[in-house]
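Below are the chains, spelled out letter by letter.
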2 protein chains.
Amino acid sequence: MEYTSGLVKEKLNLLFNAQSVALVGASNDQTKWGFIVLNNLISGGFQGRIYPVNPGEDKILRLKVYKSIADIPETPDLVVIVVPAPGVRSVVEECISKGIRAGIIITAGFAELGEKGGQLQQEIVDIARNGGMILVGPNCNGIMNPWRKFYVEFPVFYTPPGHIAVIAQSGNVADFVAHQAMLRGFGCSLCVASGNEADLHSEDYLEYLAEDAHTKVILSYIEGLRDGRRFFQIAREVSRKKPIVILKAGKTAAGARAAKSHTASIAGSDNVFDAVCKQSGVIRAKSLDEMVNIGIAFLRQPLPRGRRVGIVTAGGGWGVIAADACVEQGLELVSLPNEIINKLDTLLPPWWNRGNPVDLVAGSSPDAIFKAIEVLLSYPSVDAVMMLSIMPVLGMKRLSAFVDETTKENWGNEMVQAVVNAMEHFNRLADNHQKPVIVASEHMFADAIQETRISYNLGQHSTVCYHMPHQAAAALAGLASYGEYLRRDETI
Amino acid sequence: MEYTSGLVKEKLNLLFNAQSVALVGASNDQTKWGFIVLNNLISGGFQGRIYPVNPGEDKILRLKVYKSIADIPETPDLVVIVVPAPGVRSVVEECISKGIRAGIIITAGFAELGEKGGQLQQEIVDIARNGGMILVGPNCNGIMNPWRKFYVEFPVFYTPPGHIAVIAQSGNVADFVAHQAMLRGFGCSLCVASGNEADLHSEDYLEYLAEDAHTKVILSYIEGLRDGRRFFQIAREVSRKKPIVILKAGKTAAGARAAKSHTASIAGSDNVFDAVCKQSGVIRAKSLDEMVNIGIAFLRQPLPRGRRVGIVTAGGGWGVIAADACVEQGLELVSLPNEIINKLDTLLPPWWNRGNPVDLVAGSSPDAIFKAIEVLLSYPSVDAVMMLSIMPVLGMKRLSAFVDETTKENWGNEMVQAVVNAMEHFNRLADNHQKPVIVASEHMFADAIQETRISYNLGQHSTVCYHMPHQAAAALAGLASYGEYLRRDETI
């Protein structure tokens, strides 16, 4: 059985934008999910109505507790179920009697345990579908809609509203991504830990997110697809509207076995998955951080028209590493024509290397560096610029060894602001030329706290200065692949 | 020409442990190397004698300036040369007349610019060698010996003393590694940016570091080897004493071209390099951060006797990702025998997955988790344990939504300490069983500052909680490869 688009949208709206939520299995025991989820819902600032259900309790976290679902004085938009597995079936039946149309089963102990659990899971899904109720999970750890301060989930943090959507067949991957986004100053639009995907599949969420106004990029963690054909049919459509970046696990035999016991997923052939991703415009990441790093590039960067990169570097070694990384990512280093070299000759010191990467060496002013980047951007055969090591564009002089600690600290703080300013300058160049300017840099002047602040401040501007050249190359390759997919569509 | 071991040791001692340093080309202009290097030398706290040389200045940074090298009232142990390229040759001649036996040529503009620069560079080397003087560089950005507060270098930070040595054919790679080590609470023993390696090669430093008491692991960035045979002969010997982790750049044609124009390096065949690394016990990293992540694993972890890993995870998705990462790194997931499963049955909730990764699911106490890890460690067919997601071993209850901000902040700070305590517990298990226990975890409770503090505090204990499973797998594979090299030696 599949959901039609209209149904999905309507019911997923109930899920993500619920005005009222019942929590079945609510608890006063701080170690239990029934406490944790309720606590997070309250701590996160949810403004809707909350109905804890537990026949053995009167009050939990200052809220009145209902003995049963039937006792709740309205039909809640959403039910969250955390009772042990053997009790889930009858809870779902009670929900349907009550008219509830959306549920999250957090409880584990179903298909991931084998055949018997799988049967129970299927029975529950059949009951729900017959009763017109959609289900997230089971064996998941919830959802977040930060725009509504709606955190029905396990972790102890509340990612602010933003534009990154996360669908993960793993709670801790969803949490990792949402937490990383938060630490780096970004926010999320919606996050779903989809668990065993007994009823709703990753592609149902994809379809919903295609229409979600806040979502600009979708990050998806996949262990296995329940219906690969349908997933990629939908992904192909969604990709036309928004980029999808996937981390696929279970690539190896050991990983596939682990996926089966984790979320009852069948990992499938990795080569096939790879090929179908390409056909569907889906960008594939190789690691957790690469998924995030590629994803955030889409928030601010224009798409390149091709794969030809000009690198400008203030550090020779980074230039070499970046050249390798670009080629390994399927990007191409432009061979600079005389026309560009002559223009750069007027900007850079006479001993510059006259090649790509453009190695700035010492003696280049910030203004000359920005202009050099513009020279590259204005050249039709350069699709994108990668800038490495931004100290020289910050335009700040060294402090003498004899200044006091306060002066040093202020200087460091000015540097933090100078990085943000420089990144905004790069972003303006990218906007003006409608070509990506991807930046990677260490921040040699910064202590650990200042480095953290730089990253956070940039995220607040929806931008990122990557930490290392290979991250910048992966992000740029992601932008290029997505651009190719959209152009391929245009010409059909 | 090659250096014999004794000569290298004696002269490199002069270099790294200089009691007196001349800086030729010292300057009052804060944008020039002649200011920057002198300023760093002073700021870093060097206790030796410093002789700035510049015919046009009287005082720089409160120090008396000498008109020429001849005017210096003693023979300095080391000379640092920052004058423009055309003037370097005569400076080296003056140094030899003065009896100086070690020099660093920071100046660029030699072999990396082509044939003419290469000739000038060779002439200078010939003069130095005939005069009994060793040279670092040219086209480099200096050295650090943090144990002596000796920072003859470009960046504006002073990595504290520690046990990581860095040899890099790139100043900004050397700086990146030293800065990263510092931000993460580690320190360095010695750092060299070796530049064009006209005289001293990477292998000369390797040989020296083999005997350096502070150095426990050597990280080396290579663009190309001047004498590959000699490098690997020495590396093979050094590897018997200390692990060497290499990041090799110039793998692609574009990277190789960039390496040539950066440090005049010939990158050579990557496959050959790879094979010879394996023969020589050298561990090869794939990226800057992987080099650091593998390196720091050696500071605290015992070496595994093989590649068989038991994974314990509090997050199912991370278990799947880690299983993939281990296999991709050439590690093997142990198939758990009944004996272990029966023991784990007594410790874990009945619904645990009875496989590897051991998925802790909910309901496992910290004590049970530590014991489960010990069960794995005590089994002869498990060579190492990887622990993922450590929240459940921290043993801290959730706070109610209604506590005040101060209580929340204190709770977060207690969590930071709890992570450090848990990591020390893991390290004790590793020590007791003489098998590595490698940990990767997010810290969901932590804000960006607390996360930074966790990382720093752990580094201060010479330990690391990796951020992601693939980093832990790379580190463990590095330990395993090195263990294999040492055992191969044993059996010869």
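Residues numbered from 1 in each chain as written. Chains lettered and ligands numbered in written order. Predicted model: local features only at pLDDT ≥ 70, side-chain atom pairs only at ≥ 80, totals over all residues. Heavy atoms only, no water.

**Observations regarding the domain arrangement of chain A**
By a frequent convention, interface size equals the accessible area lost on bringing the separate parts together.
Residue and element names in this part refer to chain A.
Then comes step 1: Domain annotation of chain A identifies domain 1 (5–297) and domain 2 (308–491).
Then comes step 2: With centres defined by C-alpha atoms, the gap from domain 1 to domain 2 works out at 38 Å.
Then comes step 3: Each partner contributes to the interface: domain 1 provides 23 residues, whereas domain 2 provides 20 residues.
Then comes step 4: Carbon and sulfur atoms supply 54% of the area that domain 1 and domain 2 bury against each other, a total of about 1600 Å² over both sides.
Then comes step 5: Where domain 1 packs against domain 2, one counts 0 salt bridges.
Then comes step 6: Seen at the junction of domain 1 and domain 2, the total is 6 residue pairs in polar contact (both at pLDDT 80 or more).
Then comes step 7: By residue number, the principal contributor to the side of domain 1 that touches domain 2 is helix α10 (residues 288–297), which donates 6 residues. (Domains from an automatic or database assignment. Contact = heavy atoms within 4.5 Å. Buried area = accessible area lost by both parts, 1.4 Å probe. Salt bridge = Lys/Arg side-chain N within 4 Å of Asp/Glu carboxyl O. Polar contact = N/O pair within 3.5 Å; in protein donor to acceptor, adjacent residues only side chain to side chain. Helix = DSSP H or I, 4+ residues; strand = E, 2+ residues; numbered from the N terminus.)

**Describing the pairing of strand β13 (residues 244–248) of chain A**
Each regular strand displays side chains that alternate between the two surfaces of the sheet.
Residue and element names in this part refer to chain A.
Then comes step 1: With 5 of 5 residues buried, β13 is to be regarded as a mostly interior element.
Then comes step 2: Both faces of β13 are covered, namely the face carrying Ile-244, Ile-246 and Lys-248 and the face carrying Val-245 and Leu-247.
Then comes step 3: Direction of pairing for strand β12 (residues 217–222) relative to β13: parallel, over a ladder of 5 bridges. Looking at β13, one finds that Leu-219 is bridged to Val-245.
Then comes step 4: The parallel pair β12 and β13 is bridged by helix α7 (residues 228–241), and the resulting crossover is right-handed.
Then comes step 5: Summarising the sheet, β13 and strand β14 (residues 283–285) pair through 3 bridges and their orientation is parallel. Residue pairing for β14: Val-245 is matched across the bridge by Ile-283. (Buried < 20%, exposed > 50% of the residue type's maximum accessible area, 1.4 Å probe, protein only. Pairing = 2+ DSSP bridges. Right-handed = clockwise from strand over helix to strand, strands pointing away.)

**So, the nonpolar core**
Then comes step 1: A:Phe426 and B:Phe426 are the most contacted members of the largest nonpolar core, which totals 332 residues.
Then comes step 2: In this structure, A:Val88, A:Val91, A:Ile124 and A:Met133 belong to the second largest nonpolar core, which totals 23 residues. (Core = buried A, V, L, I, M, F, W, Y, C linked by side-chain atoms within 4.5 Å.)

**With respect to the side chain of A:Thr159**
Then comes step 1: Tracing the backbone through its elements, the reader meets A:Thr159 in the loop between β9 (150–153) and β10 (161–168).
Then comes step 2: A polar contact of 3.0 Å, which involves the side chain of A:Thr159, links it to the backbone oxygen of A:Ala178.

**With respect to the relation of the copies chain B and chain A**
Then comes step 1: For the match of chain B to chain A, the screw axis carries a shift of 0.0 Å, the RMSD comes to 0.0 Å, and the turn is 180 degrees. Here the copies are linked by what is in effect a two-fold axis. For chain B, the minimum C-alpha distance to the rotation axis belongs to B:Ile449 and amounts to 3.3 Å.
Then comes step 2: When you check the interface residues of chain B against chain A, 100% turn up at the interface there too, and the contact is symmetric in its surfaces. (Least-squares fit on C-alpha atoms with pLDDT ≥ 70 in both.)

**Section: the interface of chain B and chain A**
Then comes step 1: Taken together, the contact pairs 79 residues of chain B with 79 residues of chain A.
Then comes step 2: For the pair chain B and chain A, the summed buried surface comes to about 6200 Å²; carbon and sulfur atoms form 66% of the total.
Then comes step 3: Considering only the side of chain B, the residues that lose the most area to chain A are B:Arg398, B:Phe402 and B:Met444, jointly responsible for 13% of the buried surface there.
Then comes step 4: Applying the counting rule to chain B against chain A returns 2 salt bridges.
Then comes step 5: The residue A:Glu328 makes a salt bridge to B:Lys251 at a minimum N-O spacing of 3.2 Å.
Then comes step 6: Between chain B and chain A we count 31 residue pairs in polar contact (both at pLDDT 80 or more) in total.
Then comes step 7: Elements with a contribution of two residues or more to the side of chain B that touches chain A: α2 (33–43), α5 (171–183), α8 (253–263), α10 (288–297), α11 (316–328), α16 (448–460) and α17 (469–491) of chain B.
Then comes step 8: Sorting elements by how many residues they give to the side of chain B that touches chain A places α11(B) first, with 10 residues.

**Comments concerning the sheet that holds strand β2 (residues 49–53) of chain A**
Residue and element names in this part refer to chain A.
Then comes step 1: Strand order in the open sheet formed by 5 strands is β2-β1-β5-β6-β7, with parallel pairing between adjacent strands. Sheet topology places β2 and β7 (134–136) at the edges, where each strand pairs with a single neighbour. Here the average twist between neighbouring strands, direction ignored, is 20 degrees.
Then comes step 2: Alignment of strand β1 (residues 20–24) against β2, held across 5 bridges, turns out to be parallel. Bridge assignment links Ala-22 to a residue of β2, and that residue is Tyr-51. (Axes fitted to C-alpha atoms, helices over the stretch in contact; angles between N-to-C directions.)

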